[in-house]
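Observations on the three-dimensional arrangement
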Amino acid sequence: MMNSAISLQHINKSFELLRDKHGSLKSAFLSLRRSRPRTILGLQDITLTINKGETVAIIGKNGSGKSTLLRIISRVYRPNSGSVDVNGRMSTMLALAAGFHPELTGRENIYFNGAIMGLSAADMAGNIDRIIDFSELNDFIDAPVKTYSDGMLMRLGFSIAVETDPDILLIDEVLAVGDAEFQEKCYDRIESFKQLGRTIVFVTHDLDSARRVASRAIWINAGKIAADGDTVQVIDQYLASVVHVEHATKEIG
Amino acid sequence: MINELRELYRYRYLLSQLVVRDIKVRYKNSVLGFFWSLANPLLQVATITIVIKYIMGLGVGNYSAYLLAGYLPWMFFQLALLDSSQVVLLHRDLLRKVYFPREVLPISVVGANLVHYMLSLAVFFAYLLFFRLFLHGAPLTAKILLLPVLMALQCALVMGLAFFISCLNVFYEDVKYLLSALLSVFFYLTPVMYPAELVHDKLVHIHPMLYKLYLLLPMNALTDAYRKTLLPSVGSISIRGTEVHTLPLDYGMLAISGVLCLVFAVAGYRFFNARKWVFAERV
């Protein structure tokens, strides 16, 4: 269907449980004697379609598989089985440390981030002015990024993600961008982004921003879709379950 | 593999950005950045010259030039491989967030070190020219045309090994320790400080094939060829006054060694590609 931006079919993803994250030759030799490594289930049989123009919030507890789902969509993880279909150019909004080199200037980092998203030098030449304007960092753009505050870095990250004009924008838990004024500007920009028929998928714990921005919410629990639909309803269901669990623990305690 | 290469080509701007970033960061904080990076090899070369020429008594026309012609390629080999063992872990934050063809990381490391290598070769040529003008020494001949071929073959070798090392180090963190141990062993097994002719003299008495095998060690045929390309007229070689028979460049062994370099490059790329999508789960 041409209308779908992202389509997942029967996605399964499990991870090998590693005793220490970085293996060593010693542990490799020792594990020759052990039976198969234990696996943990990340996602189980996820099937969903996200249409063009939708803004979807993915919510759930820590460790429920939200971020795994986002990484499956962005092709950072390969599923064990199932298929991922994406229509259009995707870009991921990078969290603080990931995309920036502290010694390089804001401008140099913008070019680098564009390259990471698969853009060309020509694309970036067309985008650079809009990115700098939106970030409001004109005065600092040729200073090394190590001199920036966290707020400035987030502004730069958001500007790059939005102003490179992707068809699909993926955001992993970074909607608290800068001061209240800049946040409003971000919400406005997201709104106009939606008007253009672009798709946004974001993972968040901030249910208020989810309510404000998203038209649809997907609640992931223990690797499965627990609820999918209207944002307000799904969030209510999610909150009800959290409160329910809290009551249960209190009674046991 | 064709599809992988096509995707890699699509990300060529990222590749160039990574190389440029590496070079900028390396030289950024000091105007003398490039010269600092030359200081270490020059100090090494001065020390080795004193030990080998004056203490051990190796007689070669201009030993410093003779040493540099083998030492600069060796530095490229060593630094690129050491960098490649760290490159995936260094970019773990990016790997865990963003899709991009993972092979740009080891390729960029080899690229940045290649740029560095070419800069140091330029300085070496300036040095050679100086000796040619003011002293006796080694003029360049048409043999220099072989230099790009040697560099291409070495790039293939380094690239292939960098694919293996960068990938293996994700799964076994002690690979980098093993690597630096092996590099210091191979520095002595490779004819960098001494002429390959000395090894030939020893081995040929045992069995003629042994010297051929010696040339097949990763950098050996290349180092010998680099030397005979960069310094075509070494003249005589002697050790403690005893003349050593000089050998012409062995094109046959160079060809076999070159084929091995290309095999390494392809095998490394395949090995890396078969595992690269697990990196994000392991770093």
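Residues numbered from 1 in each chain as written. Chains lettered and ligands numbered in written order. Predicted model: local features only at pLDDT ≥ 70, side-chain atom pairs only at ≥ 80, totals over all residues.

**Overview of the overall build of chain B**
The number of helices and strands found in chain B is 13 helices and three strands. In terms of C-alpha radius of gyration, chain B reaches 20 Å, essentially the compact-globule figure of 19 Å for 283 residues. Each principal axis of the C-alpha distribution contributes one length, and for chain B these read about 65 × 50 × 35 Å. When each of the 283 residues of chain B is scored for burial, the buried share is 40%. For chain B, the proportion of contacts with a sequence separation of at least 24, taken over those separated by at least 6, is 82%. (Helix = DSSP H or I, 4+ residues; strand = E, 2+ residues; numbered from the N terminus. Rg over C-alpha atoms; globule rule 2.2 N^0.38 Å. Buried ≥ 20, exposed ≤ 12 C-beta atoms within 10 Å, placed from the backbone. Contact = placed C-beta atoms within 7 Å.)

**Looking at the overall build of chain A**
Each helix and strand counted, chain A has eight helices and nine strands in total. For chain A, with 253 residues in total, the buried portion stands at 39%. By sequence separation, contacts in chain A at least 24 residues apart represent 74% of the contacts at least 6 residues apart.

**What about the sheet that holds strand 1 (residues 58-60) of chain B?**
Residue and element names in this part refer to chain B. Taking strand neighbours across the sheet as the criterion, the three strands line up as 1-2-3 in an open arrangement whose pairing is antiparallel. Each edge of the sheet is formed by a strand with only one pairing partner; in this case those strands are strand 1 and strand 3 (242-244). Each strand of the sheet is rotated relative to its neighbour by a mean of 30°, with strand direction disregarded. Here three bridges tie strand 2 (residues 237-239) to strand 3, and the two strands are oriented antiparallel to one another. (Pairing = 2+ DSSP bridges. Axes fitted to C-alpha atoms, helices over the stretch in contact; angles between N-to-C directions.)

**Here we look at the confidence of the model for chain A**
Per-residue confidence for chain A gives a mean pLDDT of 86; residues scoring 70 or more make up 86%. Taken element by element, the predicted model of chain A shows its lowest mean pLDDT in helix 1 (residues 25-33) of chain A (65) and its highest in strand 8 (residues 216-221) of chain A (96). (pLDDT = per-residue confidence, 0-100.)

**Concerning the sheet that holds strand 2 (residues 39-51) of chain A**
Residue and element names in this part refer to chain A. Across the sheet, which stays open at both edges, the three strands sit in the order 2-1-4 with antiparallel pairing between neighbours. Since the sheet does not close on itself, it has two edges, and those belong to strand 2 and strand 4 (81-86), each with one partner. On average, each strand axis in the sheet is inclined to that of its neighbour by 20°, with strand direction left out of account. Across the sheet, helix 2 (residues 66-73) is in contact with strand 1 (4-16), strand 2 and strand 4; its angle to strand 2 comes to roughly 60°.

**A word on the nonpolar core**
A:Ile58, B:Val158 and B:Ala162 are the most contacted members of the largest nonpolar core, which has 135 residues in total. No other element matches helix 4 (residues 63-90) of chain B, which puts 15 residues into this core. The contact partners of A:Ile58, leaving out residues within four places of it in the chain, are A:Lys66, A:Leu69, A:Leu70, A:Val201, A:Phe202, A:Val203, A:Ile218 and A:Ile220. (Core = buried A, V, L, I, M, F, W, Y, C linked by C-beta atoms within 7 Å.)

**What to know about the packing of helix 7 (residues 147-171) of chain B against helix 12 (residues 251-275) of chain B**
Residue and element names in this part refer to chain B. Close contact between helix 7 and helix 12 brings their axes to 7 Å; oriented N to C, the two are set at 30°. On the basis of the axis angle, helix 7 is roughly parallel to helix 12. In the packing of helix 7 onto helix 12, the handedness of the crossing is left-handed. Facing Leu153, Ala156, Leu157, Met159, Gly160, Leu161, Phe163, Phe164 and Cys167 of helix 7, the residues of helix 12 in contact are Gly258, Cys261, Leu262, Phe264, Ala265, Ala267, Gly268, Tyr269, Phe271, Phe272 and Arg275. A breakdown of the residues in the contact of helix 7 with helix 12 according to their chemical character gives 16 nonpolar, three polar and one charged. (Parallel < 35°, antiparallel > 145°, perpendicular 65-115°, else oblique. Left-handed = near helix turned anticlockwise from the far one by under 90°. Nonpolar A, V, L, I, M, F, W, Y, C, P; charged D, E, K, R; others polar.)

**Digging into the interface of chain B and chain A**
Counting residues at the interface gives 23 residues for chain B and 29 residues for chain A. Only helix 2 (12-28), helix 5 (92-95) and helix 13 (279-282) of chain B provide two or more residues apiece to the side of chain B that touches chain A. Classifying every residue of the side of chain B that touches chain A gives 12 nonpolar, one polar and 10 charged.

**Focus: the pairing of strand 1 of chain A**
Here nine bridges tie strand 1 of chain A to strand 2 of chain A, and the two strands are oriented antiparallel to one another. What sits directly across from A:Ile11, in strand 2 of chain A, is A:Ile46.

**What to know about unusual backbone geometry**
All names here are of chain A. With a phi angle near 60°, Asp165 is a residue other than glycine that sits in the positive phi range. Residue placement: Asp165 occurs in the loop between helix 5 (150-163) and strand 6 (168-172). What makes Asp165 partly exposed here is the crowd of 17 C-beta atoms within 10 Å. Phi at Ala222 is positive, roughly 50°, even though this residue is not glycine. Mapped onto the elements of the fold, Ala222 is located in the loop between strand 8 and strand 9 (224-230).

**Description of the environment of A:Ser83**
Locating A:Ser83 in the fold gives a position in strand 4. Measuring from C-alpha to C-alpha, the distance between A:Ser83 and A:Lys61 comes to 25 Å, with 22 residues separating the pair along the chain.

**A closer look at helix 5 of chain A**
All names here are of chain A. With 14 residues, helix 5 extends 20 Å from end C-alpha to end C-alpha; this agrees with the ideal 20 Å at 1.5 Å per step. The buried fraction of helix 5 is high, at 11 of 14 residues. Listing the buried residues of helix 5 in full gives Leu153, Met154, Arg155, Leu156, Gly157, Phe158, Ser159, Ile160, Ala161, Val162 and Glu163. Where the residues of helix 5 are buried, they touch strand 5 (90-93), helix 3 (106-116), helix 4 (121-135), strand 6 and helix 6 (180-195). Positioned one or two residues after helix 5, Asp165 has a phi angle of 60°, which is positive. (Expected span 1.5 Å × (residues − 1).)

**Focus on the packing of helix 11 (residues 220-230) of chain B against helix 12 of chain B**
Residues and elements named next belong to chain B. Contact pair helix 11 / helix 12: the axes reach a minimum separation of 9 Å and the direction vectors enclose 130°. Our classification of the angle between helix 11 and helix 12 gives oblique. As for the relative orientation of helix 11 and helix 12, their crossing is left-handed in sense. Contact residues: helix 11 offers Ala221, Leu222 and Ala225, while helix 12 offers Met253, Leu254 and Ser257. Residue composition of the contact of helix 11 with helix 12, grouped by class: five nonpolar, one polar and no charged.

**Quick look at the confidence of the model for chain B**
Scored by pLDDT, chain B comes out at a mean of 90, with 95% of its residues at no less than 70. Overall fold confidence for the complex sits at a pTM of 0.89, while the interface term, ipTM, reaches 0.85.

**Points about helix 3 of chain A**
With 10 of 11 residues buried, helix 3 of chain A is to be regarded as a mostly interior element. Every buried residue belonging to helix 3 of chain A is among A:Gly106, A:Glu108, A:Asn109, A:Ile110, A:Tyr111, A:Phe112, A:Asn113, A:Gly114, A:Ala115 and A:Ile116, and all of these are buried. Those residues of helix 3 of chain A that are buried lie in contact with helix 4 and helix 5 of chain A together with helix 2 and helix 5 of chain B. A:Gly118 sits one or two residues past helix 3 of chain A and shows a positive phi near 90°.

**Some points on the environment of A:Asp208**
Residue and element names in this part refer to chain A. Positionally, Asp208 belongs in helix 7 (residues 207-213). Looking at Asp208, the number of C-beta atoms within 10 Å reads 10, which means it is exposed. Placed 27 residues apart in sequence, Asp208 and Ile235 show a C-alpha to C-alpha distance of 9.7 Å.

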